[in-house]
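One letter stands for each residue in the lines below.
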Amino acid sequence: MAKLIDGNAIAAQIRVELTEKVKEVQETYGVTPGLAVVLVGGRTDSATYVRMKKKACTETGIASYGFDYGADVSEEELLAKIHELNADPKINGILVQLPLPPHINEHLILDSILKHKDVDGLHPLNVAQLANTKTHAPGRSAWSFDSIDFHVSCTPQGCIELLDRSGVSIEGKEAVVIGRSNMVGIPVALLLMQRNATVTIAHSRTKDIAETVRRADIVVAAVGRAEMVKGSWLKPGAVVIDVGINSVDDPTSKKGYKLVGDCDFNECKEVASLITPVPGGVGPMTIAMLLRNTINGTIRSAIEAQA
């Protein structure tokens, strides 16, 4: 039976480390990392995510600044706020909570955030640098997210961190990423490639997806389909990172539903050697990586200001 990769425990440890890092930044550079969080509309899930991010900032010592707008806010007003935050020296990171209302062009808004303040790692220039093998930090023999000069998307970064902190060797392994989204699938595939894994991206047009997955030493499921990956799909001893979070009916629950991943957990845990639960796996890491990106961005900006 698989051992659980406890994302809550790993994220908690990272946040302890980041709290110390914030103190170092304050002592060394005389600045406090600042994160601006922009929320549009009244979606309960988005408001919950934003509240969690602000709470994590407070606990870590990062200054958080919230900007809430109604669902009817104009694209022009939102762009004006982004430009204002871009120019504000106390803001080191800008996060626009997605999704945005349909009348607002998400790409336009995200692309308007300055590259070095794009702590979500979604700016085209940050994505391009990831694809350009720039994660091999110049002058460093050790591969490190702290050594690169751009932001990497938080959830994919969290997946790699879970593997590293669980003692999983990535180099030389066969990895299959299920899903090809810009948010998770493609960047996590690029990160695994940077770590010298042999990577396959499986998707809805993959002919025999079960057979493809069965080759993998490392499986990252990020397709958004509840319990799609079955235990029979896995190679015995595979490591499974389940990024999915899906709501399914559960009459035994007070809420009437429960959250499950993209993997059939009960089946997969019998075959895998390590597996992330849902919830409590990848989710907590996403926020921890957001905090780390904000701190790293603050350090880079402070060094540049002193140059």
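Whatever comes next refers back to the structure up there.
Remember, predicted model here, so these are calculated numbers, not experimental data.

Asks: For this particular structure, what's the right way to read the packing of helix α1 (residues 7–29) against helix α2 (residues 44–60)?
Replies: α2 packs onto α1 with a crossing angle of 55° between their chain directions and a minimal axis gap of 8 Å. Taken together, the axes of α1 and α2 lie oblique to each other. Note on element contacts: α2 touches α1 through A56, E59 and T60, opposite R15, L18, T19 and V22. Tallied by class, the residues present in the contact of α1 with α2 amount to three nonpolar, two polar and two charged.

Asks: Where do I start with the packing of aromatic side chains in this structure?
Replies: A full pass over the atoms with the stated rule returns zero aromatic pairs. Residue placement shows K90 over the ring face of Y65; its charged tip is 5.4 Å from the ring centre.

Asks: Would you mind going over the environment of K115 with me for this structure?
Replies: Position of K115 among the secondary structure elements: in the loop between α4 (106–111) and α5 (124–131). Take K115: its relative accessible area is 25%, and that puts it in the partly exposed class. Dropping the residues within four chain positions of it, K115 is found in contact with H123, L125, N126, Q129, D149, F150 and H151.

Asks: Would you explain the sheet that holds strand β4 (residues 93–96) in this entry?
Replies: In sheet architecture, strand pairing relies on hydrogen bonds along the backbone and comes in two forms, parallel and antiparallel. Pairing is parallel across the open sheet formed by three strands, whose spatial order is β3-β2-β4. Each edge of the open sheet is held by one strand with a lone partner, namely β3 (63–69) and β4. Direction aside, the axes of adjacent strands within the sheet are offset by 15° on average. Taken together, the seven bridges between strand β2 (residues 34–40) and β3 define a ladder with parallel strand orientation. Bridge assignment links V37 to a residue of β3, and that residue is G66. Most of the contacts of helix α3 (residues 75–87) go to β3, to which it runs at about 165°, and overall it touches β2, β3 and β4.

Asks: What is the right way to read the environment of V248 from this model?
Replies: Turning to its location among the elements, V248 is positioned in strand β9 (residues 246–249). Measuring from C-alpha to C-alpha, the distance between V248 and A226 comes to 7.6 Å, with 22 residues separating the pair along the chain. When sequence neighbours within four positions are dropped, the list of residues in contact with V248 reads A226, G256, Y257, K258 and V260.

Asks: Sorry, what's going on with the pairing of strand β8 (residues 239–242) here?
Replies: Two faces make up the sheet, and in a regular strand the side chains alternate between them. Every second residue of β8 is oriented toward a common face, with V239 and I241 on one face and V240 and D242 on the other, all of them buried. Across four bridges, strand β7 (residues 218–221) lies against β8 in parallel orientation. If you follow V220 over to β8, its bridge partner there is I241. One ladder, built from two bridges, connects β8 with strand β11 (residues 274–275); its direction is parallel. Looking at β11, one finds that V239 is bridged to L274.

About the thresholds
- Residues numbered from 1 in each chain as written.
- Predicted model: local features only at pLDDT ≥ 70, side-chain atom pairs only at ≥ 80, totals over all residues.
- Heavy atoms only, no water.
- Axes fitted to C-alpha atoms, helices over the stretch in contact; angles between N-to-C directions.
- Helix = DSSP H or I, 4+ residues; strand = E, 2+ residues; numbered from the N terminus.
- Parallel < 35°, antiparallel > 145°, perpendicular 65-115°, else oblique.
- Contact = heavy atoms within 4.5 Å.
- Nonpolar A, V, L, I, M, F, W, Y, C, P; charged D, E, K, R; others polar.
- Phe/Tyr/Trp six-rings, centres within 6.5 Å; stacked < 30°, edge-to-face > 60°.
- Lys NZ or Arg CZ within 6 Å of the ring centre and 35° of its normal.
- Buried < 20%, exposed > 50% of the residue type's maximum accessible area, 1.4 Å probe, protein only.
- Pairing = 2+ DSSP bridges.

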